[in-house]
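# Descriptive analysis of the structure
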Amino acid sequence: MSFDVAAEAYDAFMGRFSVPLAELFADEARLPHEGRALDVGCGTGALTGVLAHRFGETEVAGVDPSASFVDAAAARFPWADLRHGTAEALPFDDDVFAATLAELVVHFMTDATAGAREMVRVTRPGGVVAACVWDFARGRAPQSRFFEALRAVKADIDDESERFGAREHDLTTLLQDAGCLDVTGSELTVSVPFADFAEWWAPYTRGVSPAGAQLAALPPEDRERVRRHAHAAMGDGPFTVVATAWAARGIAP
Ligand SMILES: C[S@@+](CC[C@H](N)C(=O)[O-])C[C@H]1O[C@@H](n2cnc3c(N)ncnc32)[C@H](O)[C@@H]1O
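The present account deals with the structure reproduced in this document. Everything quoted here is computed from the prediction, not taken from an experiment. (Residues numbered from 1 in each chain as written. Predicted model: local features only at pLDDT ≥ 70, side-chain atom pairs only at ≥ 80, totals over all residues.)

### What to know about the overall build of the protein chain
Heads up, the condition is: The way it works is that DSSP assigns letters per residue, a run of H or I at least four long becomes a helix, a run of E at least two long becomes a strand, and they are numbered from the N terminus.
The helix and strand tally for the protein chain stands at 10 helices and 7 strands. The dimensions of the protein chain, computed from C-alpha atoms along their principal axes, are 55 × 35 × 30 Å.

Okay, structure coming up:
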């Protein structure tokens, strides 16, 4: 899968956005003041670190199917309980977490309904369950400008907009259907500065996520055409990329 890549490549790509998003997401989740917290699809630990600040280092757990990401997160947060696994079959007992969050993960789950039910199962009654996903559907993701350039070269692309979670109400519906109470939805917006076009472009060439994987699959001349389309659209820089995610939060029954 497109997340079996070096953690450093992910951090230079999506980490630029997911680290500031994690602070906003944790605020929006209105977390309890004590207990344990679980970061589902923890990746390299963007949200894990934020949860550790709020719950305490030894109170944080995470799970991710990417071995390289779990290893990187474990090196970064050796005190956290980080496990290899998926949202659809969380390797944790029932009712153990005060908060269970998934940042930028629902759209990658093979079965989001099962993943949400699992998040509820491991959360104690009254605990918080929350998820967020970039607004790919309205072109407000960090990669949206990249996908426009990719589409100019190749018609049939996965711009992630058809994935569940990328549309308004997907996540609130998901949590409601999983049995959560008092479900609310919101939008989270981050702004990330780039010194120049090269700094913005380079992470796309590392094969990370559907964006990087699709670029890597093109012949070199088409990759160069995508780069030129993107450069014409973005300019030389410096510029700031503004990205917005859908978020939903509910209470475990
Ligand atoms: C865009 S990254 C988000 C990582 C991290 N939460 C962050 O905000 O930086 C998506 C993550 O979801 C993980 N993932 C993919 N499928 C998953 C699944 N079925 N269950 C849990 N995590 C999954 C990937 O390995 C990857 O680490």
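There's more to say after this.
### Thoughts on the site of the ligand
Basically, it comes down to this: In this text, near has one meaning. A residue is near a molecule or strand if its C-beta atom, placed using the backbone, is within 6 Å of it. Classification convention: Asp, Glu, Lys, Arg as charged; Ala, Val, Leu, Ile, Met, Phe, Trp, Tyr, Cys, Pro as nonpolar; all other residues, Gly among them, as polar.
Neighbouring residues of the ligand: 22 residues in total, closest Ser18, Gly41, Gly43, Ala46 and Ala87. Class assignment for the residues of the shell around the ligand results in 13 nonpolar, 6 polar and 3 charged.

### Examining unusual backbone geometry
For clarity, the cut-off: Between the buried cut of 20 or more and the exposed cut of 12 or fewer other C-beta atoms within 10 Å of a residue's own C-beta lies the partly exposed class, and all C-beta atoms are placed from the backbone.
The step from glycine 237 to proline 238 runs through a cis peptide bond, and the omega angle for that step is 0 degrees. Within the element layout of this structure, proline 238 appears in the loop between helix 10 (220–234) and strand 7 (239–251). The phi dihedral of histidine 169 falls on the positive side, at around 80 degrees, and the residue is not glycine. Exposure remark for histidine 169: the 11 C-beta atoms within 10 Å place this residue in the exposed category.

### Some thoughts on the sheet that holds strand 7
Convention followed: If DSSP finds at least two bridges between two strands, the strands pair. All axes here are fitted lines through C-alpha atoms, helices being fitted over the stretch that makes contact, and every angle between N-to-C directions spans 0 to 180 degrees. Here, residue contact means that the backbone-derived C-beta atoms of the two residues sit within 7 Å.
Spatially, 3-2-1-4-5-7-6 is the arrangement adopted by the 7 strands of the open sheet, whose pairing is mixed. The two strands at the open ends of the sheet, each matched to only one other strand, are strand 3 (81–84) and strand 6 (181–194). Within this sheet the neighbouring strands show an average axis-to-axis angle of 20 degrees, counted without direction. Where strand 6 lies against strand 7, 12 bridges are found, and the strand directions are antiparallel. Opposite phenylalanine 194, over in strand 7, you have phenylalanine 239 as the bridge partner. Against the sheet, helix 5 (residues 112–121) makes contact with strand 1 (37–40), strand 4 (97–103) and strand 5 (123–134), and its axis sits at roughly 145 degrees relative to strand 5, the strand it touches most.

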